[in-house]
Amino acid sequence: MIRESSNGSPVDSDLVATPHACTIDELVALLHSDQQGLTATAAAERLTRHGLNRLPEANPTPAWQRFLRQFRSLFIYVLMASAVVSVALGHHVDAGVILAVILINGIIGFVQEGKAEAALRAILSMTTTHCLVLRDGQVQSMDSTLLVPGDVVMLQAGDRVPADLRLLQSKELRCDESALTGESKPSGKALVDVAADAPLAERHNMVFMGTMIVAGTTRALVTHTGRHTQIGAINTLVQSVGIQQTPLQKQLAALARNLTLAVLVLAALQIAFGMLVHDYSFGEMLQGAIAIAVAAIPEELPAIVTIVLAIGVMRMARSHALVRRLPAVEVLGSVDIICTDKTGTLTANAMTVRVVATADTHLQVGGEGYSPVGEICGASAGEQVVLNHVAHISLLCNDSNAQQQADKQWTINGDPTEGALYVLALKQGLDAAQHNAAWVRVDALPFEAEKRYMATLNRHCDGSAQISLKGAPERLLSFCSHQLTTRGVEPLQRDVWAAKMETLAAQGMRVMALAYKDADATLTDLEHEHVQSGMIMVALAGISDPPRREAVSAIAECHRAGIRVKMITGDNPVTAGAIGRELGLNTGRVLTGQELDGMSNEELAAVVEEVDIYARTSPANKLQLVKSLQSLRHVVAMTGDGVNDAPALKQADIGVAMGLKGTDAAREAADFVLTDDNFATIAKAVAAGRTVYDNTLKSIVFMLPTNLAEASIILLAILFGWVLPITAPQILWINMVTTVTLSLALAFEAGEKQIMDRPPRPYGQGFITPMLLRRLLLVGGSGAAVIFGVFSYALQNGNDIEHARSMAVNTMVAIEAFYLISSRFFTGTIFHFDTLRGCGPVLISLALVLAGQMLFTYLPLSQRIFAVAGLSWANWGVVLLSAGVVLMVVEADKWFSARMTEDAGQSR
C-alpha cells in the first residue's frame, strides 16, 4: 500500500506521513522500532526494502549527444539538403564548402557551450556523512547512506543531520535550517507537540536531512530516508522541472522557421518560372535553388550568436557572474521580474546587532556580517560608558568567537546570535583575548530553553567579581531592580523598557537583554538564585540579518530599468516586511505560504503581480509563484542560495545562485552563479544581457539585408535570364569568411548609453521589426542594383566573366564593410564622434577582411577555386565608390526616421 507524505510524495506503507504530529510512543510503534534502536537483521531487511539513504543521481549528457545537439537548426537542415543535392548533381566543390560550413558551426557551438545543463548530483555532497547509530544496543559509527527508518541516531553540535529525524531526547538543541527553510536564525528544537499542518520551519520536534546542528545534543529516531526526506522532495521537484527555452532561442527558432519557409517557397517559384518561361532544365534550376538557399539563409548566424553569447560570458565573468548555460546569457536582458530569496541573497546570512537600546536612547550599529568593522553611531561621552558595559557583558557572557579566514572573510564559531554580540564587543574596541584574560570565567549557567537566559561569573585580576547576564528581555526585566543610564545607576523603569522591546520586535529583530551586578569576591559556584534578583539592566540588543548595502541600490537600479523585484523567503512575515521596507520593496501586503496553499491558480494570478513580499514559503510555493508569473507572460529570474531554492531556480527563465554561501544544489540548478554573492552583480548582469541581445540584433540587422541582396542577385538573374554576377561558392565565401569576420566586430560592441534606463523589451517581441523590414528592402534592393551595375560595367568594358565576377564579389564585400559601420547604431548616424568610441574591433575586422579579400582576389589557388581574377587600381575605385552608394542610402533612411520621430514627439 502506498500513501502520500505531508509533501505529497508517495511513501512506503510503513513510513509515517506526519511524524511531527505523533507522540513518541505512537511513532515508535508505527515504525516497528524501539528507542534503543534496531537490530542488524531488521536494519538489513529495511535497507533492502527502502534502498540506500541517498538521492537519485542524474546521468550527465554524453559529449556525442551535446555535439549532435548543435545541428538542431532548420538553417542547418536546409544546408544539409543543399549539400546532398549538390553531390547528386556532381558539384562536389560546392557540396564540400557547404558541409565544411556546417561542421565549423557545430564545432564552435560544441566548444563554446562547454558543460551540459545543470546536473543535480552535487546535492549528494550535503547528505553523505557518518553518524553515531544504535544497532543491537551498541553505539556504532556508520555511513549515513546505510540508515533506515526506525534507526536511532545521536547528534551533537557541528554534526550534519543524516536523515529526517524525530527527537527522542534533546538538550539545548538548535539547528541551522536556513538552507532548507530560508530562516536565518537557528531553530530551537525541543520535545514539544506540533500540529499536523505546521509549516516546515515550525516543526520544532524534527530535524531534517542536510541541515546543521549548531548547539546542543539529541537522540533521535529516523522517520524518512533518501528520496522520502524533505530534501528528497525538493530533489523530486527539481527533476520534474524541464529546461526552459530562452527568449532568444524561441525568437531564433521563429526566425529560422519563417525564413526557411520563405526561401523554400521562393526556390520552388524560381524553379517553376525558369523551367516554364526560360525552358531551363530541372538540374539547372535545382542548382539555382541551392544558390538562393545558400545566399538567403544566414548559415553563419548560429556561429555568430554563439560567439556573441560567449563574449557576454567572458564579460560577465569579469563582473563576478559565471554562466553555466550559454543561451541563458541574454535572458537577463529581457527579465522584467526578479524573484529573490532573502537570506544570503538580499541579506548577508549573518546575524548582526543593528540597534543598541539603552535607558536613554536608541543607537544604530554600522557594519554587516561578522566583520568587526563598523561603528555605533551618535553616542555621547556618557553613552560610551554605557556601551562599554554592553561590550563587556557581550564578551564575557558568550561561548562563541569570530575569526578571519584566509580569504579575508570573517566567520563565527558557535551560535550566530552569540556571534553577533561577540562582534558588537569588537566594534566597541574591546580586545577579546586581553579582556578575557583580565576577567577570568569562574562559573557559568548555560542557556536553557526553559530558563531563557545565560549567566557567567567572572573574577577580575584585581580580585573583584561580577555576574553578567543575557537572555529574553521579559525574563531579565523580572530579575532587575535598577538600570544603567548616562547619569549612573537608577531605579528600573519597566514601562520604558517594554516600549523599547515592542519597537525592536516590530522591526523584525530578535531582542536580547543585557544585565549585570557585582558579586561577592569569594563566590565560586553560580546558582540561578544569584541572578534572579538585584540585577542592573544595561541595554537591549536588536539583532537581525541586515540587508546588504549594495542590494538596496541594486533594487533601486532594477526599478529604474523597469524590473520588479519580489522577495520570497521562509522567514516570518514580520521580519520579511521589515527587511522589505529597508530594501525599498512594496510592503503593502505580505502573503504567507499557507495563504498561497489555499489559493487557486486564478486567485494567485490576480494578486501575484502586485504583492512583492512572500513569507514562510516552502519550495513548492516558490515554484508555484514562478510558474504563476510566467503564465502572465513575464520573463522571470529567480535568485537564491539554499536547497529550498533549487526547484524554482530551474523553473525560472533564468536561475541565479550564490557562489560563496550557496549550496551545491542551488548552484547546480542555476544558469548563473554569482561568485561574490552580491545582489548588485545581478544589475550588472542585466546590463550585460541587454548588451548581448542588442549585439545579436545588430548582427541580424547586418546579415539579413546583405543576404537578401545576394539572394536578389540570383533571383533576378534567373527571372530575366541574366548571367549570375556571383556564384554559389563565392556567396559562401562572402557569408562564412567576410560576413562572419565583420559580424564579430558587432559582438564586441559595448553597451549603449542609458541601457539601464529603458524598460525590458516586450514579451514575445521578435527580431522582424518595421525597422528591420525597411532595412531589408533598402539594403537588399540597393545592394542588388549596385552589384548588377558593377557587373554590367565590367563586362561592357571588355572584361571577361572571371574579372567581372571578381569586381562584383569585392563590391558586395565593400557594401558589407560600409554597412557594418552603419549597423553599430540602430538609429544614430555614423557622422558623429561616438563612432570613434570603441571602434577598435571594427577596425580590426575591416583589416582582416581586407587581407582576406586580397588573398581571395590575387592568390592563384583561390582564383582557380572561386573562378575570379585580379583587379586594377581603377577597378578598386569603382568598387568602393559603388559600395558607398548603399551606405548613403542607409544613413539617409536613419536621418529621415529620426526627423519623423522628432516631429511625432513635438506633435504630441
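For the structure itself, look to the data block above.
Asker: Let's hear about the overall build of the chain: which residues, and what values?
Answerer: The number of helices and strands found in the chain is 31 helices and 28 strands. The long-range fraction of contacts in the chain, counting pairs at least 24 apart against all pairs at least 6 apart in sequence, stands at 71%.

Asker: Would you mind going over the side chain of S712 in detail, with residue names and values included?
Answerer: With respect to the helices, strands and loops of the structure, S712 is situated in helix 25 (residues 680–720). Aside from chain neighbours lying at most four places away, what touches S712 is G780, A784 and F788.

Asker: Before we move on, can you summarise the pairing of strand 23 (residues 564–568) with the specific residues and values?
Answerer: By the criterion of burial, strand 23 is predominantly enclosed, with four of the five residues buried. Bridge count between strand 23 and strand 25 (residues 613–615): two bridges; the pairing is parallel. Its bridge partner being in strand 25, M567 is matched across the sheet by I613.

Asker: Describe unusual backbone geometry, naming the residues involved and giving the relevant values.
Answerer: The phi torsion at H32 lies on the positive side, around 50°, for a residue other than glycine. Here H32 is to be found in the loop between helix 1 (24–30) and helix 2 (40–50). The exposure class of H32 is exposed, given its relative accessible area of 57%. Residues other than glycine seldom take positive phi values, yet E172 does so here, at roughly 50°. Residue position: E172 is located in strand 6 (residues 164–176).

Asker: Can you tell me about the packing of helix 25 against helix 28 (residues 801–823), naming the residues and giving the values?
Answerer: Angle between the axes and distance between the axes are the two parameters that describe a pair of packed helices. The contact between helix 25 and helix 28 brings their axes to 10 Å, and the two run at 155°. One way to sum up the angle between helix 25 and helix 28 is to call them roughly antiparallel. Judged by the twist between their axes, the crossing of helix 25 over helix 28 is right-handed. Side by side, helix 25 and helix 28 meet where K698, V701, F702, P705, T706, A709 and E710 of the first sit next to M812, E816, Y819, L820 and S823 of the second. Of the residues contributing to the contact of helix 25 with helix 28, the split by class is seven nonpolar, two polar and three charged.

Asker: I'd like a description of the packing of aromatic side chains, backed by residues and values.
Answerer: One pass over the full model with this rule turns up eight aromatic pairs. Each ring, one from F702 and one from Y819, has its centre 5.9 Å from the other, and the planes form 20°; the classification is stacked. Here the residue F702 occupies a position in helix 25, and Y819 occupies one in helix 28, the gap between them amounting to 117 residues. Classification of F702 by relative accessible area gives buried; the value is 0%. Residue class for Y819 comes out buried when judged on its relative accessible area of 2%. Grouped by ring-pair contacts, the aromatic residues F720, W722 and F788 constitute a single cluster.

Asker: Hey, could you go over the sheet that holds strand 11 (residues 337–340) for me, with residue numbers and the actual values?
Answerer: Taken together, eight strands build an open sheet; the order of strands is 10-28-27-26-11-23-25-24 and the sheet is mixed. Unpaired on one side and paired on the other, strand 10 (321–323) and strand 24 (590–592) mark the two borders of the sheet. Averaged over all neighbouring strand pairs, the angle between strand axes comes to 20°, with direction disregarded.

Asker: I'd like a rundown of helix 27 (residues 770–796), residues and numbers included.
Answerer: Between its terminal C-alpha atoms helix 27 stretches 39 Å, which fits the 39 Å expected from 27 residues at 1.5 Å a residue. G798 sits one or two residues past helix 27 and shows a positive phi near 85°.

Asker: Account for the nonpolar core, with residues named and values stated.
Answerer: Residues V335, I654, F672, F679 and I726 are the most contacted members of the largest nonpolar core, which totals 128 residues. When residues in this core are grouped by element, the largest group, 21 residues, is from helix 25. Beyond its immediate stretch of four places on either side in the chain, F672 contacts M316, A321, L322, V323, A328, V329, L332, I654, G655, V656 and A657. Counting residues in each nonpolar core, the second largest holds 36 residues, with A350, C397, A420 and M512 among its members.

Definitions and limits used
Numbers given to residues run from 1 along each chain, matching the order in which its sequence is written. For this predicted model, a pLDDT threshold of at least 70 governs which residues receive local features, and a threshold of 80 or more governs which side-chain atom pairs are given and counted, while totals over whole chains, interfaces and linings are taken from all residues. As a rule here, side-chain values cover all heavy atoms of the structure and leave hydrogens and water aside. In DSSP terms, a helix is any run of H or I states spanning at least four residues, a strand is any run of E spanning at least two, and both are numbered starting from the N terminus. Contacts are residue-level and defined by heavy atoms, with any inter-residue pair within 4.5 Å sufficient. Between buried and exposed lies partly exposed: a residue is buried under 20% and exposed over 50% of the maximum accessible area for its type, with that area taken using a 1.4 Å probe on protein chains only. A pair of strands is treated as paired once DSSP finds two or more bridges between them. A fitted line through C-alpha atoms serves as each axis, taken over the contacting stretch for helices, and the angle formed by two N-to-C directions is quoted from 0 to 180°. Any angle that falls under 35 degrees is termed roughly parallel, while one over 145 is termed roughly antiparallel, one within 65 to 115 roughly perpendicular, and all others oblique. Helix crossings get a hand from a simple test, with the near helix turned counterclockwise from the far one by less than a right angle marking a left-handed crossing and a clockwise turn marking a right-handed one. Amino acids are sorted into nonpolar (Ala, Val, Leu, Ile, Met, Phe, Trp, Tyr, Cys and Pro), charged (Asp, Glu, Lys and Arg) and polar (every other residue, Gly among them). To pair, rings of Phe, Tyr and Trp, with the six-membered ring standing in for Trp, must have centres within 6.5 Å; the planes then decide the type, stacked if under 30 degrees apart, edge-to-face if over 60, and tilted in the middle. Take the residue count of a helix, subtract one, and multiply by 1.5 Å to get its expected span. We define the nonpolar core as a collection of buried residues of types Ala, Val, Leu, Ile, Met, Phe, Trp, Tyr and Cys that are connected through side-chain atoms lying within 4.5 Å of one another.

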